[in-house]
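# Structural description and commentary
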Amino acid sequence: QVRLVESGGGLVQAGGSLRLSCAVSGSIFSINNMGWYRQAPGKQRELVAIIGSGGMTNYADSVKGRFTISRDNAKNTVYLQMNSLKPEDTAIYYCRADFSIGTSRWGQGTQVTVSS
């Protein structure tokens, strides 16, 4: 059973920082892209950042310069360092793993709340 377990969400004041982690377990297949997405109330889920197996990254314009995605391939874990947080960053953050066989899995989500 493939599992993606996220951690690190919480409540923080504007300007603060949080670090999210997502560990993938139970898969015998390698992971291509790993990404973070978010969904705010009443809005569609959107891409925040994505990282390829070789380390190439891509970010939403709204988080460039503030968020950093990284991964530890040995641990099948992806991280999202979020700095200079804004109230508009408030959302449920989901990680996603794209496997080499063409399937994808999502984590259960972790709440990030930024107070003004």
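Residues numbered from 1 in each chain as written. Predicted model: local features only at pLDDT ≥ 70, side-chain atom pairs only at ≥ 80, totals over all residues. Heavy atoms only, no water.

### Quick word on the pairing of strand 3 (residues 18-25)
- Both strand 1 (residues 3-7) and strand 3 contribute to a ladder of 5 bridges, which runs antiparallel. Bridging across to strand 3, leucine 4 finds its partner in valine 24.
- Bridge count for strand 3 against strand 8 (residues 77-82) is 6 bridges, and the pairing is antiparallel. In the sheet register, leucine 18 faces strand 8, and the bridge partner there is methionine 82. (Pairing = 2+ DSSP bridges. Helix = DSSP H or I, 4+ residues; strand = E, 2+ residues; numbered from the N terminus.)

### Things to note about the nonpolar core
- If you look at the biggest cluster of nonpolar residues, it comprises 29 residues, and the most contacted ones within it are Trp36, Leu80, Met82 and Tyr93.
- Elements represented by at least two residues in this core include exactly strand 3, strand 4 (31-39), strand 5 (46-51), strand 7 (67-72), strand 8, strand 9 (91-99) and strand 11 (110-115).
- A total of 5 residues in this core trace back to one element, the largest contributor, which is strand 9. (Core = buried A, V, L, I, M, F, W, Y, C linked by side-chain atoms within 4.5 Å. Buried < 20%, exposed > 50% of the residue type's maximum accessible area, 1.4 Å probe, protein only.)

### Re the pattern of salt bridges
- For the structure shown, the criterion picks out 5 salt bridges.
- Linking arginine 96 and aspartate 98 is a salt bridge whose minimum nitrogen-to-oxygen distance equals 2.8 Å.
- Of the residues examined, arginine 96 reaches a relative accessible area of 25% and is grouped as partly exposed.
- Classification of aspartate 98 as buried rests on a relative accessible area of 15%. (Salt bridge = Lys/Arg side-chain N within 4 Å of Asp/Glu carboxyl O.)

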